[in-house]
Amino acid sequence: MSESLSWDNIDYPLQPWMKNAIEVMGFDTMTPVQASTVPLFARNKDVVVESVTGSGKTVAFVIPIIEKIIAEEANTSKFKKGNFHSLVIAPTRELSTQINDVFHTFFQHYPEDQPPIKCQLLVGTHQKSVRDDVATFLEDKPQILVGTPGRVLDFLQFPSVKTSSCGMLVLDEADRLLDMSFMGDVQRILNLLPKQRRTGLFSATISSIGDLIFKTGLRNPVKVTVKSKNASPSSLGLYYTLVEPQEKLQQFLNIMNNYKFKKCIAYFPTCISVTYFYAFLKYIQNETSHLDSEVELYSLHGKLQTTSRLKTLEKFTETLGKSVLLTTDVAARGLDISEVDLVLQLDPPTDTSVFLHRCGRTGRANRVGKAIAFLNVGREEDYIPFLEVKDIHIEEMSLKRDGIPREDFYCVFKNWLLKDRARFDLGVRSFVAYIKHYSNHSASSIFRLQSLDYVGLAKLYGLFRLPKMPEITKHFKDNSVKDGWITEDRVDLDNFAYKDKKKESVRQSELRNIQKIHDKKKLKFELKKKNMAWSDKAETKESKLERKAKLALKRKALEEQIQKDQENVENEVEQDWKSVILQNKKRKGNSSGIQGSFDDL
């Protein structure tokens, strides 16, 4: 044990019960980030903390918040109803829930004879409205609020919630909260809070946001950076393997069947791909011998309802067997799930900074972990030197290529697809979402659409025909593929039915309507509309949203102009009345009191 990192040597007088809690919770020594941050943040310093993933940043702000509440007696009757002391904002519901759980773990050791300290979670759910959150807040009187930006903003805008007593603000995963998707809400929250407060920004990659940190209202902040030779913890092994696109899912199965691990998190590129591949993996686990029946599968992504997401995460965390979580970047940041010793990335993330966050779900708190990234053979190999420039050093790993031949595996996938047209539709949408995802890579010189193996990629998704997409027609140059068909056996799409009878009835009705159209121009229009490229539909939807946003701005500008004109008219009327009154006064003043003419007298 390092003597300098003993909790007894911390440069701040912790509460006696806090020391007992730390000991019972198994934090034998401080981590460097905790030793540096706790004394600063618990006193009167703003902090910007950058430290490798899994280094104990959550505890580094939880302890100062609790200590500050006790020191300022925010847990006593002196604190007025409707006020709160500390606010913690995190980018995802899962991370917010985890932070809330850490606070409550500390509260389990809090003395019962002391005024209580409470924490409330603010995340959007279908079961609980913002009004319900406000009612709970006014009844329970928590000093600490933890939540996601959107829900927190809605909550703070209620008149019964007072922000004037907020003394501490924490932005966890600050670089994510200050990017384009959250910046608007976060800025509005900051405007509602008092300027005289302590602010803490925490992340493993906070240096990537640059000058944006100054928009958070920091006052003479202290930057705490825990340096390491590598950008990742020493207990975490980073590896990559080169695969053909068609073989990715088979390699994933090989790892699940043959490698020893307790828990594995597998990252997929899009929400819809998680849904799609999860359904197929459950099928081959139940109906074939290609996946070990003892492996427990879970799926998690941002389009699921909050309750479903939290229940899935809870089940995955508590399961004792060999388990795999299929997920997206919604589970890439901050989550601390015990016994996760393997992370798989079927594709690198579009944002390079997220790469480390994904890998950091394993190898936490000096536990051994392994992270493996799949890269497509060819141009994607340039991603390795690209990562080295960012101090991310990754080794190549060769994987076993066991199991059935890839064409046989593709036939299994294809046959599963042919049992229900709905599966085919889902596969096409997943494929198209992947193309769109791939085109948004920050390292666009490496991840290029013209370099993709479209046929191999389509077979990875079990498809037998390439969707009609401008991206494919522009870059795809395989003359052997006619009309998009990638198999010799063509499927009769007119008779390819949905399992759902109602859905199939609607499809048949649409087919009959098209067959009745004799006007060639109208038929051409209907077929074009029916077979419209998915990317075109997305672009149309985006353009509609853009037009809607522009109209809203014009309407707002017009309303402001009308209001301004009304104010000008009112001012002019007021000025006119004033001038009339002044003129009348002048006339009265100049009058001699004699009216009329007496010249004729």
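Thresholds, definitions, all that
Residues numbered from 1 in each chain as written. Predicted model: local features only at pLDDT ≥ 70, side-chain atom pairs only at ≥ 80, totals over all residues. Heavy atoms only, no water. Helix = DSSP H or I, 4+ residues; strand = E, 2+ residues; numbered from the N terminus. Polar contact = N/O pair within 3.5 Å; in protein donor to acceptor, adjacent residues only side chain to side chain. Contact = heavy atoms within 4.5 Å. Phe/Tyr/Trp six-rings, centres within 6.5 Å; stacked < 30°, edge-to-face > 60°. Buried < 20%, exposed > 50% of the residue type's maximum accessible area, 1.4 Å probe, protein only. Lys NZ or Arg CZ within 6 Å of the ring centre and 35° of its normal. Core = buried A, V, L, I, M, F, W, Y, C linked by side-chain atoms within 4.5 Å. UniProt positions renumbered as here; feature names shortened; annotations may be inferred. Pairing = 2+ DSSP bridges. Right-handed = clockwise from strand over helix to strand, strands pointing away. Axes fitted to C-alpha atoms, helices over the stretch in contact; angles between N-to-C directions. Parallel < 35°, antiparallel > 145°, perpendicular 65-115°, else oblique. Left-handed = near helix turned anticlockwise from the far one by under 90°. Nonpolar A, V, L, I, M, F, W, Y, C, P; charged D, E, K, R; others polar. Salt bridge = Lys/Arg side-chain N within 4 Å of Asp/Glu carboxyl O.

We now examine the side chain of Thr97. Relative to the assigned elements, Thr97 resides in helix α4 (residues 93-107). Within the structure, the side chain of Thr97 is placed 2.7 Å from the backbone oxygen of Arg93, a separation counted as a polar contact. Setting aside anything within four residues of it in sequence, one finds Thr97 in contact with Leu121 and Leu310.

With that settled, the discussion passes to the packing of aromatic side chains. The geometry of an aromatic ring pair is captured by the separation of the ring centres together with the interplanar angle, meaning the angle of the planes. With the rule as written, the count across this model stands at 31 aromatic pairs. Judged by centre distance (6.3 Å) and plane angle (35 degrees), the ring pair of Phe103 and Phe107 falls under tilted. Of this pair, Phe103 and Phe107 both sit in helix α4, separated by 4 residues, roughly a single helical turn. Grouping residues by exposure puts Phe103 and Phe107 together as buried. Between Tyr383 and Phe386 the ring centres are 6.0 Å apart and the planes differ by 20 degrees, which places this aromatic pair in the stacked class. Note that Tyr383 and Phe386 are positioned in helix α13 (residues 383-389) at a spacing of 3 residues, about one turn of the helix. For Tyr383, a relative accessible area of 2% gives the class buried. The aromatic ring of Tyr239 is capped on one face by Lys370, whose charged end is 5.6 Å from the ring centroid. Over the aromatic face of Tyr498 sits the side chain of Arg421, whose NZ or CZ is 6.0 Å from the ring centroid.

For the rest of this paragraph, the subject is helix α8 (residues 180-192). Count 3.6 residues to each turn of an α-helix, and residues three or four apart come out pointing the same way. Restricting attention to buried positions, one finds in α8 the residues Phe182, Met183, Val186, Ile189 and Leu190. Along its buried surface, α8 packs onto β2 (86-89), α6 (149-156), β5 (168-172) and α7 (174-177).

Once that is clear, we can look at the nonpolar core. Within the largest apolar cluster, 95 residues are counted, with the highest numbers of intra-cluster contacts made by Phe252, Val324 and Phe431. The residues contacting Phe431, other than those within four sequence positions of it, are Tyr454, Leu457, Ala458, Tyr461, Leu463, Leu466, Pro467, Met469 and Ile472.

UniProt's feature table lists "domain: DEAD-box RNA helicase Q" (unreviewed entry) at residues 7-35, given in the numbering used throughout. Between the first and last C-alpha atoms of residues 7-35 the distance is 8 Å; the span itself is 45% helix and 0% strand.

Residue alternation in strand β4 (residues 144-147) divides its side chains into two sets, Ile144 and Val146 and Leu145 and Gly147, and both sets are buried. Taken together, the 4 bridges between strand β3 (residues 119-122) and β4 define a ladder with parallel strand orientation. Paired with Cys119 across the two strands is Ile144, which belongs to β4. Running through helix α5 (residues 130-140), the crossover from β3 to the neighbouring parallel element β4 is right-handed.

The next subject is the environment of Asp133. Mapped onto the elements, Asp133 comes out in helix α5. Overall, the relative accessible area of 2% leaves Asp133 in the buried class. Separated by 22 residues in the primary sequence, Asp133 and Phe155 place their C-alpha atoms 7.5 Å from one another. Ignoring anything within four residues of it in the chain, the contact list for Asp133 reads Gln120, Leu121, Leu122, Lys128, Arg151 and Phe155. At 2.9 Å, the side chain of Asp133 forms a polar contact with the side chain of Arg151.

Let us look at the packing of helix α1 (residues 16-24) against helix α3 (residues 57-71). In contact at an axis separation of 11 Å, α1 and α3 are set at 160 degrees when each is read in the N-to-C sense. The pairing of α1 with α3 is recorded here as roughly antiparallel in orientation. Considering how the two elements wind past one another, α1 and α3 form a crossing that is right-handed. Facing α1, whose interface residues are Trp17, Met18 and Ile22, α3 presents Ile63, Ile66, Glu67 and Ile70. Here the residues of the contact of α1 with α3 sort into 6 nonpolar, no polar and 1 charged.

This part covers the pattern of salt bridges. One pass over the structure, following the stated rule, counts 19 salt bridges. A salt bridge links Glu94 to Arg309; the shortest N-O distance between them is 2.6 Å. Of this pair, Glu94 sits in helix α4 while Arg309 is found in helix α11 (residues 306-318), placing the two residues 215 residues apart along the sequence. Note that Lys263 and Glu339 form a salt bridge whose closest N and O atoms lie 3.4 Å from each other. Residue Lys263 is located in strand β9 (residues 263-267), and its partner Glu339 is located in the loop between β11 (323-327) and β12 (340-345); the two are separated by 76 residues in the primary sequence. Look at Lys263 and you get buried, because its relative accessible area is 0%. One network of salt bridges, in which partners are shared, links Lys128, Asp133 and Arg151.

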